[in-house]
Amino acid sequence: MTPQQQDSAAGPHGATRIPVELGPRSYDILAGTGLFENSGVLVKPLLRRPHCVVVTDANVAPLYLETVSESLTAAGITARALIVPAGEGSKSFTQLEGLLDGMLASGLDRKSMVLALGGGVIGDLAGFAAAVALRGVDFAQLPTTLLAQTDSAVGGKTGVNLAAGKNLAGAFHQPRLVLADTGALASLPRRELLAGYAEVVKYGALGDSAFFDWLEENGPRALAGDSAPLAHMVAASCRAKAAVVAADEREAGRRALLNLGHTFGHALESAAGYDGRLLHGEAVAIGMVTAFDMSVRLGMCPAADAARLRRHLAAAGLPVRPADVPGIGWGGAADWEKRMQVDKKNADGKLVLVLARGLGRAELVTAPPRSVLQATLKEALAP
Ligand SMILES: NC(=O)c1ccc[n+]([C@@H]2O[C@H](COP(=O)([O-])OP(=O)(O)OC[C@H]3O[C@@H](n4cnc5c(N)ncnc54)[C@H](O)[C@@H]3O)[C@@H](O)[C@H]2O)c1
Ligand SMILES: [Zn+2]
């Protein structure tokens, strides 16, 4: 890194600044510690009226709401808080409607800002509410899970779930600012931290083998809460996602590579029934390993790369095959394959998978040979 690049990465309060280049919708992501304590002064320059509505969940509120509210107040911003129940169930139209009513009752107007303080559920729900309230008001992301800091808070996708499936109603609505305060990850349950780590490893596996090398070396320290590697890991992940999003805001091509492991993983999540026994990141970990195994079978990818990926995820404590997830009776390979066919990436009824030429070299493969897919799934499910 040249000194100049280092300068451009240095943000306020010792944080790393990652610019997301989207023309008039450009914004900064700040990654580091102490950002929630300084959220008032960081948000203030973006406000057209000093009024914010903070949306958070019942787990996060007792941990970080006071810090954020006090910082806003100290900066001369009036702050109102709305607290929704924790969990995926809050990404619903019922919750959205209540939230919109609450926002308006809290004095939200087109010049105020919504702050989403929480994990991906809060970011998606509050972001969507901001997208539709009064035909769109500004919002900022204050992500508190590793998944939200490295994935869901970046990219501008917001939405809620429908009975027909997850994230089926939503909008692209870019935040004005993302404050990824890595200090907030200290209170995150270990399993949630690891689920987010699967998405971090994904960035290395899909497009950046040097970052994968770095994770092999430093991932354990970051996961143990060491603030310097943790901030670097979050910043590098945001940079990776921001680069893809900037090149492909609405998911026409490159952005699809971010789905590495997801077609395999979504199918497992649907088989498991979204009841908390299999977290999304855990499904992605299994899915990435399966995608690399399939790539090896197709002769695209060195077996050593697939083995390194499997070893790293397993060493972190993530599941790498369905049998690693306790308490679920999986259907067979045919059931897994059938559930993969409904994935929304499939063009003209043809299965499209993100496979890999090696670590850091993912690519889209349309209609891969079924026999190879079936053999891969069978082997992954073998006792
Ligand atoms: N918009 C996108 O691009 C995008 C991308 C990936 C995922 N998502 C969405 O993100 C959601 C999952 O996000 P998630 O994994 O952050 O789940 P989540 O928001 O449900 O958070 C997980 C759990 O951790 C708790 N929690 C959050 N921060 C905490 C903290 N610092 N300390 C202690 N507990 C804390 C929450 O209350 C919750 O119980 C899904 O709905 C998914 O669809 C969206
Ligand atoms: Zn994901």
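Every value quoted in this text rests on a predicted model; they were computed, and no experiment measured them.

## Observations concerning the overall build of the protein chain
Point 1. Within the protein chain, the secondary structure is distributed over 14 helices and 11 strands.
Point 2. Over its C-alpha trace the protein chain gives a radius of gyration of 20 Å, about what one expects of a compact globule, namely 21 Å for 383 residues.
Point 3. Its C-alpha atoms give the protein chain principal-axis dimensions of about 60 × 50 × 35 Å.
Point 4. In the protein chain, which comprises 383 residues, the share counted as buried stands at 55%.
Point 5. Long-range contacts, defined as pairs at least 24 residues apart, comprise 74% of the intrachain contacts of the protein chain with a sequence gap of at least 6.
Point 6. With the model as given, the accessible surface of the protein chain reaches about 15,700 Å², and the carbon-plus-sulfur share is 53%.

## Describing helix α11 (residues 280–297)
Point 1. Taking 1.5 Å of rise per residue, 18 residues should cover 26 Å, and α11 covers 25 Å from first to last C-alpha, within 8% of that figure.
Point 2. Of all 18 residues in α11, 15 are buried; the element is thus mostly enclosed.
Point 3. Positive phi shows up at Gly-299, right after α11, with a value of about 75 degrees.

## Digging into the pattern of salt bridges
Point 1. For the coordinates displayed, the defined rule picks out 18 salt bridges.
Point 2. Among the salt bridges present, the one from Arg-191 reaches Glu-282, with a minimum N-O distance of 2.7 Å. Residue Arg-191 is located in helix α7 (residues 190–207), and its partner Glu-282 is located in helix α11; the two are separated by 91 residues in the primary sequence.
Point 3. Given a relative accessible area of 37%, Arg-191 falls into the partly exposed group.
Point 4. Take Glu-282: its relative accessible area is 7%, and that puts it in the buried class.
Point 5. Between Arg-308 and Glu-216 there is a salt bridge, and its shortest N-O distance comes to 2.7 Å. Here Glu-216 lies in helix α8 (residues 209–223) and Arg-308 lies in helix α12 (residues 303–316), a separation of 92 residues in the sequence.
Point 6. One network of salt bridges, in which partners are shared, links Glu-88, Lys-91, Asp-124 and Lys-166.

## Details of the site of ligand 1
Point 1. Around ligand 1, the surrounding shell holds 26 residues, and the nearest of these are Asp-57, Glu-88, Gly-120, Thr-144 and Thr-145.
Point 2. One of the side-chain nitrogen or oxygen atoms of Thr-145 is found 2.6 Å away from an oxygen atom of ligand 1.
Point 3. Between ligand 1 and Ala-184 there is a distance of 2.9 Å, counted from a nitrogen atom to a backbone nitrogen or oxygen.
Point 4. Burial of ligand 1 by the protein amounts to 86% of the accessible area it has alone, namely 870 Å².
Point 5. Elements supplying a minimum of two residues to the shell around ligand 1: α3 (61–74), α5 (120–132), α6 (146–152) and β8 (165–172).
Point 6. Residues of the shell around ligand 1, tallied by class, amount to nine nonpolar, eight polar and nine charged.

## Considerations on the side chain of Ser-39
Point 1. Structurally, Ser-39 can be placed in helix α2 (residues 39–43).
Point 2. Judged by relative accessible area, Ser-39 falls into the buried class, the value being 0%.
Point 3. If we ignore the near neighbours within four places in the chain, the residues touching Ser-39 are Val-68, Ser-71, Leu-72, Leu-142 and Leu-179.

## Quick look at the environment of Arg-321
Point 1. Inspection of the secondary structure puts Arg-321 in the loop between α12 and α13 (333–341).
Point 2. Along the sequence, Arg-321 and Ala-307 sit 14 residues apart, while their C-alpha atoms lie 13 Å from each other.
Point 3. Ignoring sequence-local partners within four residues, the contact set of Arg-321 consists of Ile-286, Glu-379, Ala-380, Ala-382 and Pro-383.

## Focus on the coordination of the zinc ion (ligand 2)
Point 1. At this site the zinc ion (ligand 2) is bound by Glu-199 (OE), His-262 (NE2) and His-280 (NE2), with donor distances of 2.0 to 2.1 Å.
Point 2. In the primary structure, the donors to the zinc ion (ligand 2) are separated according to the pattern E-x62-H-x17-H. Placement of the pair is Glu-199 in helix α7 and His-262 in helix α10 (residues 262–272), with a sequence separation of 63 residues. For the residue pair Glu-199 and His-262, the accessibility class agrees, reading buried in each case.

## Section: the sheet that holds strand β3 (residues 51–57)
Point 1. Read from one edge of the open sheet, seven strands run β1-β2-β9-β6-β5-β3-β4, paired in mixed fashion. Looking along the sheet, the strands with just one partner apiece sit at the ends: β1 (16–20) and β4 (78–84). Ignoring which end each strand starts from, the neighbouring axes of this sheet average 20 degrees apart.
Point 2. Sheet contacts for helix α4 (residues 93–105): β3, β4 and β5 (113–118); angle to β4, the most-contacted strand, approximately 160 degrees.
Point 3. Relative to the sheet, helix α9 (residues 227–247) contacts β1, β2 (27–32) and β9 (177–181), its axis offset from that of β1 by approximately 10 degrees.

## Here's the deal with the environment of Ala-236
Point 1. Tracing the sequence through the fold places Ala-236 in helix α9.
Point 2. Along the sequence, Ala-236 and Ala-31 sit 205 residues apart, while their C-alpha atoms lie 9.7 Å from each other.

## So, a positive patch on the surface
Point 1. A cluster of basic side chains, namely Arg-48, Arg-110, Lys-111 and Arg-135, defines a positive patch on the protein surface.
Point 2. Looking at the element boundaries, Lys-111 is found in the loop between α4 and β5.
Point 3. The exposure class assigned to Lys-111 is partly exposed, which follows from its relative accessible area of 46%.

## Here's the deal with the pairing of β5
Point 1. Counting buried residues in β5 gives six out of six residues, a clear majority hidden from the surface.
Point 2. The alternating pattern of β5 places Met-113, Leu-115 and Leu-117 and Val-114, Ala-116 and Gly-118 on opposite faces, both of which are buried.
Point 3. Two strands pair when backbone bridges link them, and β3 and β5 are joined in this way by five bridges, in the parallel orientation. The partner of Val-53 across the bridge, within β5, is Val-114.
Point 4. Where β5 and strand β6 (residues 138–143) come together, six bridges link them in parallel fashion. Of the residues in β6, the one forming a bridge with Gly-118 is Pro-143.
Point 5. Regarding the hand of the β-α-β motif, the stretch spanning β5, α5 and β6 is right-handed.

Cut-offs applied
Residues numbered from 1 in each chain as written. Chains lettered and ligands numbered in written order. Predicted model: local features only at pLDDT ≥ 70, side-chain atom pairs only at ≥ 80, totals over all residues. Heavy atoms only, no water. Helix = DSSP H or I, 4+ residues; strand = E, 2+ residues; numbered from the N terminus. Rg over C-alpha atoms; globule rule 2.2 N^0.38 Å. Buried < 20%, exposed > 50% of the residue type's maximum accessible area, 1.4 Å probe, protein only. Contact = heavy atoms within 4.5 Å. Areas by Shrake-Rupley, 256 points an atom, 1.4 Å probe, with all protein chains shown as cover. Expected span 1.5 Å × (residues − 1). Salt bridge = Lys/Arg side-chain N within 4 Å of Asp/Glu carboxyl O. Near = heavy atom within 4 Å. Polar contact = N/O pair within 3.5 Å; in protein donor to acceptor, adjacent residues only side chain to side chain. Nonpolar A, V, L, I, M, F, W, Y, C, P; charged D, E, K, R; others polar. Donors = N, O, S within 2.8 Å, 3.2 Å for Na, K, Ca; no water. Pairing = 2+ DSSP bridges. Axes fitted to C-alpha atoms, helices over the stretch in contact; angles between N-to-C directions. Patch = residues over 30% accessible without salt bridge, like charges linked within 9 Å, V, L, I, M, F, W, Y side chains within 5 Å. Lys, Arg positive; Asp, Glu negative; His and termini not counted. Charge placed at Lys NZ, Arg CZ, Asp CG, Glu CD. Right-handed = clockwise from strand over helix to strand, strands pointing away.

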